[in-house]
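If you want the building blocks of each chain, they are given just below.
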Amino acid sequence: MPEVRPSQAQTDYVSRDNHYVYSHNRFGRGCHYLGRFLSRPVSLVVDSATRLFAHDRPGKSSTPSEGEKQTQNVPLWARKVARVTAVTLFLVPSLALGILGFSLRMIGNLFRNDISLIQSSVPPAVYDPEQGLHLMTYNTGLMPSFIRNLNDLRSSQQRSGEIAAALTRNPGTMPDIVCFQEVFDQQAAKRLCQDLSGHYHHIVHSVAPRETGLNSGLAIASKYPVKEVTFRPFSDLAAEDQLANKGLLRIVLDLGNDKTAVVYNTHLQAKDGQTYDAIRVGELKQIRRWVDADSNNDRRNNKHHHGVFLMGDLNIARSDEQGRVSKNEQYQQGRKALGEKFSDSYYETHDEENDTRLVERSESFFVNSDQAAIKAADRREPDGSWYLGAGNRVRQPWGSKRWKEHPEVASHCIYDRQLVYRDTEKKWASHTEIRQLGLDVAYDLESGLSDHLPVSVIYREAEGFSSVIAHLDPEDFTIREVRELVNQLKFDYGRLISDQTGERTIDEEFSGVNPLRRIAECRTYYKRQPVIVNELDRLEKMVRQSMNPVAGTPGSNTG
């Protein structure tokens, strides 16, 4: 698919609707719906066939629950025989209909829009520095049935509704912007968009469709108006990724008050091996060139964005599937390819040695709301964003209420990342947390809502900390150096009256630097004095707690 260039990517040139529309052309919609009807039998056959090689009951535990035992008395061997018989008998006739059906669907795909955008009746949000920005990246695993079976996932349509419900259930935890990956199944995409449209002002979906019926799998839901949309496809893909159209999706958000922000969403080449490693490194180099080019182009046109963020499933991790943290060569190559202009938000609140939360400096904000269905003593931030499904030699439960009982489950294997671009002045502070959504689904579901866990990041700029700094009391700290730092912060952020002017002023030298950066600099300076470092950690934790979007809900220090 040709690149959708920035100059052509204004929403005036993007299909805008108030609901999900498959095709802008009636003939295209007719071909799609007729083709889907004719190809339904072969889809059912393929669904049965993949269950022969994967898990017989995708997304369910290997041992049926008590309620399921009462309703399902057919033994596994009998179900296997029935599936083999059905596949054998219906394969040929279903293929005949399927060829015609998929041909019609391919014709229908020719009439799809390059990019579609839903503009709902929900009023647009206006950015408030005191609230900051809440961004989430979420690989949903909403794939056609034969692929999701191999990944031990339940019905994509069912899970898409659950994902939307989990995201919107609590207004305090609902992200401002959600970047989705793997929104491939068309009916699941439709339901996801419909269920989210009552909560988000704009939803970008169905990006870069191909004749195969798949697209980039990328979608973005935003409370803020989307001013521009751009998509660039990767130049090199391998294996089944060639059926899709992976690339880099860029949107420009109108934050209000003449402020804009840029959000990039991506999903890199999947699978392990040297061939795929090399492709991922090449894709990261492409991303770096594209983002640099966009930044240079914006500067030439006197466009100054408030923030530039990159998120998505990068398919690289510092640790392996068993949670062994190491200096993964492929991860190091990937980060080098992306360049030093991108800073990883995760490591502002997590230890780079073992990927676990720095509990002395920050808390988990979302665990109590996300995991309300389990006992408080068992709640903790998950360690990783990936699980081992039915396609693996050893089955592991992941994403269920029983995950805590299985320490062998993949941990620290974090593929889903959020990064900030060119924050050289350290304007943005961030709080990153891996989420555990959907724990109120049936107890025996292992795969949860997806084979990935979403990653939330709260971003707050320097200006947004003024209120919390104003309420700090230097006398709450016993160490003289920390008291002096608190006093300096209160003056720098315009909350103390200047002796010279008698007015509240802001020290311009520090006004653009977030206070957590100042605390970190002091921590480095006093690193050989643990008493001072402990007090600085306590100060940072107090400041970071102000970023908690869940009002009146303290986090958990166990993660």
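Look up: the structure comes first, before these words.
Residues numbered from 1 in each chain as written. Predicted model: local features only at pLDDT ≥ 70, side-chain atom pairs only at ≥ 80, totals over all residues. Heavy atoms only, no water.

Trainee: I'd like a rundown of the overall build of the protein, residues and numbers included.
Mentor: Helix and strand content of the protein: 13 helices and 14 strands. Expressed as a percentage of the 559 residues in the protein, the buried residues total 57%. Pairs at least 24 apart in sequence give 77% of the contacts found in the protein among residues at least 6 apart. Of the roughly 24,500 Å² of accessible surface on the protein, 51% is carried by carbon and sulfur atoms. (Helix = DSSP H or I, 4+ residues; strand = E, 2+ residues; numbered from the N terminus. Buried < 20%, exposed > 50% of the residue type's maximum accessible area, 1.4 Å probe, protein only. Contact = heavy atoms within 4.5 Å. Areas by Shrake-Rupley, 256 points an atom, 1.4 Å probe, with all protein chains shown as cover.)

Trainee: Any details on the packing of helix α12 (residues 515-525) against helix α13 (residues 530-545)? Residues and values, ideally.
Mentor: One way to put it is that α12 packs onto α13 with a least axis distance of 10 Å and a crossing angle of 170 degrees. For the element pair α12 / α13, the angle class is roughly antiparallel. Residues P515, L516, I519, C522 and R523 of α12 pack against V533, L536, D537, L539, E540, V543 and R544 of α13. When grouped by side-chain class, the residues that make up the contact of α12 with α13 number eight nonpolar, no polar and four charged. (Axes fitted to C-alpha atoms, helices over the stretch in contact; angles between N-to-C directions. Parallel < 35°, antiparallel > 145°, perpendicular 65-115°, else oblique. Nonpolar A, V, L, I, M, F, W, Y, C, P; charged D, E, K, R; others polar.)

Trainee: Just give me the short version of the packing of helix α11 (residues 480-492) against α13, but keep the residues and values in it.
Mentor: To characterise two packed helices, one gives the angle between the axes of the helices and the distance between these axes. Close contact between α11 and α13 brings their axes to 9 Å; oriented N to C, the two are set at 35 degrees. In this structure, the crossing between α11 and α13 has a hand that is right-handed. Contact residues: α11 offers E481, V482, L485 and V486, while α13 offers I532, E535, L536 and L539. Here the contact of α11 with α13 is composed, by residue class, of six nonpolar, no polar and two charged. (Left-handed = near helix turned anticlockwise from the far one by under 90°.)

Trainee: Would you mind going over the layout of surface pockets in detail, with residue names and values included?
Mentor: Space left empty within the atom packing is revealed by a probe, the size of a water molecule, rolled over the atoms. There is about 680 Å³ of room inside the second largest pocket. The wall of the second largest pocket is formed by 28 residues, among which S343, D344, Y347, E348 and K426 lie closest to the centre. Put simply, the parts of the chain that give the lining of the second largest pocket at least two residues each are α8 (329-338), β11 (342-344), β13 (428-434), α12 and α13. For the lining of the second largest pocket, the element with the highest residue contribution is α12, accounting for four residues. Here the lining of the second largest pocket is built from residues that sort into ten nonpolar, five polar and 13 charged. (1 Å grid on protein atoms, 1.4 Å probe; cavity = no way out; pocket = protein on both sides within 12 Å on 5 of 7 lines; lining within 4 Å. Points joined across faces, edges and corners; volume = space filled by probe spheres on them.)

Trainee: Talk me through a positive patch on the surface; I want residue IDs and the actual numbers.
Mentor: On the surface, K285, R288, R289 and K336 cluster together into a positively charged patch. Among the secondary structure elements, R288 is positioned in helix α7 (residues 274-300). Looking at R288, the relative accessible area reads 30%, which means it is partly exposed. (Patch = residues over 30% accessible without salt bridge, like charges linked within 9 Å, V, L, I, M, F, W, Y side chains within 5 Å. Salt bridge = Lys/Arg side-chain N within 4 Å of Asp/Glu carboxyl O. Lys, Arg positive; Asp, Glu negative; His and termini not counted. Charge placed at Lys NZ, Arg CZ, Asp CG, Glu CD.)

Trainee: Explain the pairing of strand β7 (residues 226-233) to me, and be specific about the residues and the numbers.
Mentor: Among the eight residues in β7, seven count as buried, and that is most of the element. Relative to strand β8 (residues 247-256), β7 runs antiparallel, the two being bridged by seven bridges. Residue pairing in the sheet places R232 in a bridge with L248 of β8. (Pairing = 2+ DSSP bridges.)

Trainee: Which residues make up the packing of aromatic side chains, and what values do they have?
Mentor: As enumerated under the stated definition, the model contains eight aromatic pairs in all. With a centroid separation of 5.5 Å and 80 degrees between ring planes, the pair formed by F27 and F111 is classed as edge-to-face. Remark: F111 occurs in the loop between α3 (76-109) and β2 (116-119) and F27 occurs in helix α1 (residues 26-53); sequence separation between them is 84 residues. Their ring planes at 70 degrees and their centres at 5.5 Å tell us that F309 and W428 sit as a pair that is edge-to-face. Separated by 119 residues along the polypeptide, F309 in strand β10 (residues 307-313) and W428 in strand β13 bring together distant segments of the chain. No difference in accessibility class separates F309 from W428, as the two residues are buried. An aromatic cluster is built from F309, W428 and Y459, whose rings are joined through pairwise contacts. Directly above the ring of F366 sits R435, whose terminal nitrogen or CZ lies 3.9 Å from the centroid. Seen from the ring of F465, R460 lies directly overhead, with NZ or CZ sitting 5.2 Å from the centre. (Phe/Tyr/Trp six-rings, centres within 6.5 Å; stacked < 30°, edge-to-face > 60°. Lys NZ or Arg CZ within 6 Å of the ring centre and 35° of its normal.)

Trainee: Can you explain a nonpolar patch on the surface? Please cite residues and give values.
Mentor: A cluster of nonpolar side chains, contributed by L91, V92 and L95, occupies part of the molecular surface with about 260 Å² of accessible area. Examined against the element boundaries, L95 turns out to sit in helix α3.

Trainee: Outline helix α5 (residues 156-168), supporting the account with residue identities and numerical values.
Mentor: Over its 13 residues, α5 extends 18 Å from the first C-alpha to the last, a length consistent with the 18 Å expected when each residue adds 1.5 Å. Among the 13 residues of α5, ten are classified as buried, and the element is accordingly described as predominantly covered. Considered for burial, the residues of α5 that qualify are S156, R159, S160, G161, E162, I163, A164, A166, L167 and T168. Those residues of α5 that are buried are in contact with β3 (133-142), α4 (145-150), β4 (177-183) and α6 (186-196). Taking the backbone nitrogen of Q157 as reference, a side-chain oxygen 3.4 Å away marks S155 as the first, capping residue of α5. (Expected span 1.5 Å × (residues − 1). Polar contact = N/O pair within 3.5 Å; in protein donor to acceptor, adjacent residues only side chain to side chain.)

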